[in-house]
Amino acid sequence: MKKLVTFTIALVTLTAVIVLGFNYKKSAEPHQYYQVYMEDKLLGTIKSKDALEKYIDDNGKYYKNKYKTKRVYEPTGLQIKKIVTYSNKTDNVKKIYNQISKNSSFTVKGYQVTVNKEKDKKITKTKIYVLDKDLFKKSVLAIIKTFVNEDEYQAYLDGTQEKIETTGKVIQNVYIDENITIKEKKIPVDETIYTDENELSKYLLYGKDAKISEYYINAGDTIETVALNNKVSPSELLLSNDDLKSTNNLLYPGQKLIIEQTNPLLSVVEENYSVTDTPSNYKTEERYDSSAIVGDDKVVQEGQKGLDRVSQETKIVNGEIVYVNPKGKEVLETNLTYDVSYKLNEFEQLFNTCVEFKYKSNTNSIGKSKTTASCIIDDNVQLVAVSIRCDS
């Protein structure tokens with residue numbers, strides 16, 4: 001019996017040693033955990049980085065639907081650092097998520113477009129966020145077609161512009177003047193993220209604070225006349241009114257249209273070469289005929305305009321000509337001088353000796369060489385008296 005008790009005590013002691021020994025060994029092993037920081041502030045420690053990222057994505061259904069994206073990511077300022085520790089203490093993933101969502105915005109993957117615009121030697125940077133960079137390219141194309149004739153631009157792109165034989169115009173270059181960079185990044189969901197081509201095009205054309213007015217259609221109005229009378233282009237008018245699809249749209253009296261004054265974020269530059277036939281004005285030559293009767297003017301030769309063929313290079317920015325470089329001129333038809341002869345009356349003859357004159361009240365004092373004259377003008381700027389003195 002005594003031996004049995006001794007054996008039992010020994011067995012219990014051995015079991016305790018084994019159990020305690022194994023437990024001690026287990027707690028002494030280091031753990032691989034993750035510390036979560038937001039803007040360098042420690043939020044807590046989690047067992048799995050993947051578990052937190054999955055929890056963020058699973059709770060981002062609203063943003064997935066809004067932006068038609070497959071995944072929602074952690075905020076840009078979130079840092080998850082791997083650590084090795086002997087401590088068993090960790091935080092719940094949901095608790096960490098709630099801390100993050102209170103002060104930070106989750107992100108979606110997209111593109112940051114930066115427009116660098118120089119004005120008065122200062123560069124301003126404008127950031128635009130899109131989920132698809134092709135959306136930005138399409139919107140830029142829409143802006144180009146607002147300021148450049150669409151058919152001419154398409155022919156320029158296709159290389160099908162007609163060669164100038166006599167007169168005409170060819171586009172030499174079309175480009176955006178600003179420096180633009182496109183970079184893939186995670187975009188905070190509280191930023192303005194463009195997903196619609198028309199909305200982005202409006203922003204590029206009108207800016208954030210567009211000046212908007214309303215116009216009500218009158219009988220006989222067309223899209224072209226409405227655009228012209230409101231100092232916008234037909235393309236700008238179409239862009240401001242979603243229900244108008246083309247310049248051929250029918251309008252009805254009383255219909256309301258939106259007129260937005262452009263403030264383009266981009267500078268669309270068109271450089272072209274043109275040859276045009278331009279009328280040239282004729283000169284007028286007057287000759288004094290002492291044998292003629294006063295007031296009986298005689299036209300010796302009728303004037304006739306000439307015709308010049310002018311070639312030039314033109315630079316246009318957002319629809320406005322900013323530079324013209326003349327390249328040549330060919331006279332096609334010579335103008336004829338308008339030639340007339342007449343006789344001056346006494347006052348007119350004396351008045352014409354006043355080559356240089358200066359108004360002083362109602363009296364002009366004029367002088368030339370050794371001849372001086374005083375001319376009195378009435379309220380209708382008619383010569384009423386002249387006195388002249390010639391020094392020997």
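Please refer to the structure higher up on the page.
Residues numbered from 1 in each chain as written. Predicted model: local features only at pLDDT ≥ 70, side-chain atom pairs only at ≥ 80, totals over all residues. Heavy atoms only, no water.

A. The packing of aromatic side chains, seen in detail. Under the definition given, this model contains 5 aromatic pairs. When the centroid spacing of 5.1 Å and the interplanar angle of 70° are considered together, the rings of Tyr55 and Tyr97 count as edge-to-face. A residue pair is termed long-range when its members are at least 10 positions apart, and Tyr55 in helix α2 (residues 49-58) and Tyr97 in helix α4 (residues 93-103) qualify at 42 residues. On the basis of relative accessibility, which here comes to 26%, the residue Tyr55 falls in the partly exposed class. The exposure class of Tyr97 is buried, given its relative accessible area of 12%. These aromatic residues form a ring-pair network of at least three members: Tyr55, Tyr97 and Phe106. Directly above the aromatic system of Tyr37 lies the positively charged group of Lys81, at a separation of 4.8 Å from the ring centroid. (Phe/Tyr/Trp six-rings, centres within 6.5 Å; stacked < 30°, edge-to-face > 60°. Helix = DSSP H or I, 4+ residues; strand = E, 2+ residues; numbered from the N terminus. Buried < 20%, exposed > 50% of the residue type's maximum accessible area, 1.4 Å probe, protein only. Lys NZ or Arg CZ within 6 Å of the ring centre and 35° of its normal.)

B. Quick look at the layout of surface pockets. Space inside the largest pocket adds up to approximately 510 Å³. Lining the largest pocket are 19 residues, and of these Glu150, Ser235, Leu238, Leu239 and Lys245 sit closest to its centre. Taken together, the elements giving at least two residues each to the lining of the largest pocket come down to α5 (133-147), α7 (197-206) and α9 (234-240). Considering each element in turn, the lining of the largest pocket owes the most residues, 4 residues, to α9. (1 Å grid on protein atoms, 1.4 Å probe; cavity = no way out; pocket = protein on both sides within 12 Å on 5 of 7 lines; lining within 4 Å. Points joined across faces, edges and corners; volume = space filled by probe spheres on them.)

In short, the description is geometric, and any link to function would need to be established separately.
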